[in-house]
Amino acid sequence: MTAIRLYNTRTRAKEDFAPSDPGNVRMYVCGPTVYDRAHLGNARPVLVFDTLFRLLRHVYGEEHVTYVRNFTDVDDKINATALARKEAGAEGTLEELIHQRTQETIGWYHADMGALGALTPTHEPRATAYIGAMIAMIEDLIARGHAYAVEGHVLFKVRSYPDYGKLSGRSVDDMIAGARVEVAPYKDDPMDFVLWKPSDAGLPGWDSPWGRGRPGWHIECSAMSYELLGPSFDIHGGGIDLQFPHHENEIAQSCCAHPDGGFARVWMHNEMLLVEGKKMSKSLGN
Ligand SMILES: [Zn+2]
């Protein structure tokens, strides 16, 4: 069998790849937030992990590789786009406009990535279809002492997880000194991050034990990967810009909710597409 060697961000070394079950090689890659058209930089992880998906299928057999890439279809940027359309006179409720926006963006994404020749992943879960699983995971984290509810929010207690920061090689105190954390009056500690947040009447929301609200972004990937791949799987991928805080937070949530699982064994990150030395991004408009 062809030997595959992968650079594992977690160990910072090239390793021989050995799936835990060669009959079902499992890979999760963080997918797009569907609020606008993708740009070429968004296509980079698609191509990088498509290449790996094809290699795994070649080595282990097409029926023996499961590739999950999610759509984040609940997000403040999506809400803002839908709200702007409503204010411009578009017909329909805000929820209908949000649904229209995510549907058309997913359509563009499929067309564009298909045009690049990328295969469709085995599963493309939408976050809004997994709200129940996210609520269950948050309840579990509270029960295990890793999260707390306050003022309609639920926050993950970062200092309850001693391995926090290991993937990206940061200490919690360095992160605070770097001020890459949002200070909010309801947090016990500035490092704590949101698992659930309240929605007012003008925003999409779901009933939960903490009132009507919506999930934080990080819990989406932890819940969807658990539902589709289980508590431990082979490869987790995404852009290097997601390493901190998104992937650190995914690890903290998943390892604390399923301490025997171990979550992903190999972590892989693609670099960013640069334009004149700067990351291509919608916010820079480059
Ligand atoms: Zn993710």
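This text follows the structure it describes.
Residue indices follow the written sequence of each chain, beginning from 1 at its first position. Thresholds applied to this predicted model are a pLDDT of at least 70 for local features of residues and 80 or more for the giving and counting of side-chain atom pairs; totals over whole chains, interfaces and linings are not thresholded and use all residues. Only hydrogens and water are set aside; all other atoms, that is, all heavy atoms of the structure, feed into the side-chain values.

For the rest of this paragraph, the subject is the sheet that holds strand E7 (residues 193-198). The sheet built from 4 strands is open, its strands ordered E5-E6-E7-E8 with antiparallel pairing. Looking at which strands have only one partner, the edges of the open sheet turn out to be strand E5 (147-150) and strand E8 (213-215). Across the sheet, the axes of successive neighbouring strands diverge by a mean angle of 20 degrees, strand direction being ignored. Think of it this way: DSSP has to see at least two bridges between two strands before they count as a pair. Strands here mean DSSP runs of E at least two residues long; helices mean DSSP runs of H or I at least four residues long; both are numbered from the N terminus. Both E5 and strand E6 (residues 153-156) contribute to a ladder of 4 bridges, which runs antiparallel. Of the residues in E6, the one forming a bridge with Ala147 is Phe156. A fitted line through C-alpha atoms serves as each axis, taken over the contacting stretch for helices, and the angle formed by two N-to-C directions is quoted from 0 to 180°.

Our next topic: the coordination of the zinc ion. The donor definition counts N, O and S atoms within 2.8 Å of each metal and applies 3.2 Å to Na, K and Ca; water is not among these atoms, so some sites may look incomplete. Coordination of the zinc ion by the protein is provided by Cys30 (SG), Cys221 (SG), His246 (NE2) and Glu250 (OE), with metal-donor distances spanning 2.1 to 2.2 Å. Only two sets of limits are used to name each site, 85 to 135 degrees for every angle of a tetrahedral four-donor site, and over 155 degrees for opposite donors with all other angles from 65 to 115 for a square planar four-donor or octahedral six-donor site, with any other site named irregular. One can describe the donor arrangement at the zinc ion as irregular, given that its 4 donor atoms subtend angles of 81 to 128 degrees at the metal.

This brings us to the side chain of Ser208. The residue Ser208 is located in the loop between E7 and E8 in this model. We call two residues contacting when some pair of their heavy atoms lies within 4.5 Å. Contact partners of Ser208, with chain neighbours within four places excluded, come to Ile135 and Trp196.

Turning our attention to helix H6 (residues 217-229). Expected helix span is computed as 1.5 Å times (number of residues minus one). The end-to-end C-alpha separation of H6 is 19 Å, in line with the 18 Å expected for 13 residues at 1.5 Å each. Phi turns positive, to about 95 degrees, at Gly230, one or two residues after H6.

Between H6 and helix H7 (residues 243-257), the least distance of the axes is 9 Å, while the angle of their chain directions is 50 degrees. On the basis of the axis angle, H6 is oblique to H7. As H6 runs across H7, the sense of the crossing is right-handed. Two secondary-structure elements touch here, H6 through Trp217, His218, Ile219, Cys221 and Ser222 and H7 through Pro245, His246, Asn249, Glu250, Gln253 and Ser254. Angles are sorted into four bins: roughly parallel if under 35 degrees, roughly antiparallel if over 145, roughly perpendicular if 65 to 115, and oblique for all others. We call a crossing left-handed when the near helix sits turned anticlockwise from the far one by less than a right angle, and right-handed when that turn is clockwise.

Before going further, it helps to spend a moment on the side chain of Glu250. Along the chain, Glu250 falls in helix H7. One polar contact links Glu250 to His236, side chain to side chain, over a distance of 2.6 Å. Ignoring sequence-local partners within four residues, the contact set of Glu250 consists of Cys30, His218, Cys221, Ser222, His236, Phe263 and Trp267. Any pair of nitrogen or oxygen atoms within 3.5 Å is treated as a polar contact; in protein, a donor-acceptor pairing is required on top of that, and neighbouring residues in sequence qualify only through side-chain atoms on both sides.

Moving on: the pattern of salt bridges. The term salt bridge refers to a side-chain nitrogen of Lys or Arg lying within 4 Å of a carboxyl oxygen of Asp or Glu. Enumeration according to the criterion identifies 17 salt bridges in this entry. Across the salt bridge formed by Asp112 and Arg37, the nearest N and O atoms sit 3.5 Å from each other. Highlighted residues: Asp112 in helix H3 (residues 94-115) and Arg37 in the loop between strand E3 (25-29) and helix H1 (40-60), separated in sequence by 75 residues. Residues Arg69 and Glu124 are paired through a salt bridge, measuring 3.2 Å at the closest nitrogen-oxygen approach. Here Arg69 is found in strand E4 (residues 65-69), whereas its partner Glu124 is found in the loop between H3 and helix H4 (131-143), with 55 residues between them in sequence. Grouping residues by exposure puts Arg69 and Glu124 together as buried. Each of Asp36, Arg85, Arg101 and Glu104 takes part in one network of salt bridges that share partners. Residue exposure (1.4 Å probe, protein chains only): buried if accessible area is under 20% of the type maximum, exposed if over 50%, otherwise partly exposed.

Judged by nonpolar contacts, the single largest core of 43 residues is most densely connected at Tyr28, Leu141, Phe156, Tyr161, Tyr164 and Leu195. Within the residue set of this core, elements represented by two or more residues are H4, E6, helix H5 (172-177), E7, H6, H7 and strand E10 (263-270). Among all residues touching Tyr161, those that are not within four sequence positions of it are Phe156, Ile251, Ala252, Cys255 and Cys256. We call a set of buried Ala, Val, Leu, Ile, Met, Phe, Trp, Tyr and Cys residues a nonpolar core when their side-chain atoms join them within 4.5 Å. Listed in part, the 17 residues of the second largest apolar core include Ile4, Met27, Leu56 and Val59.

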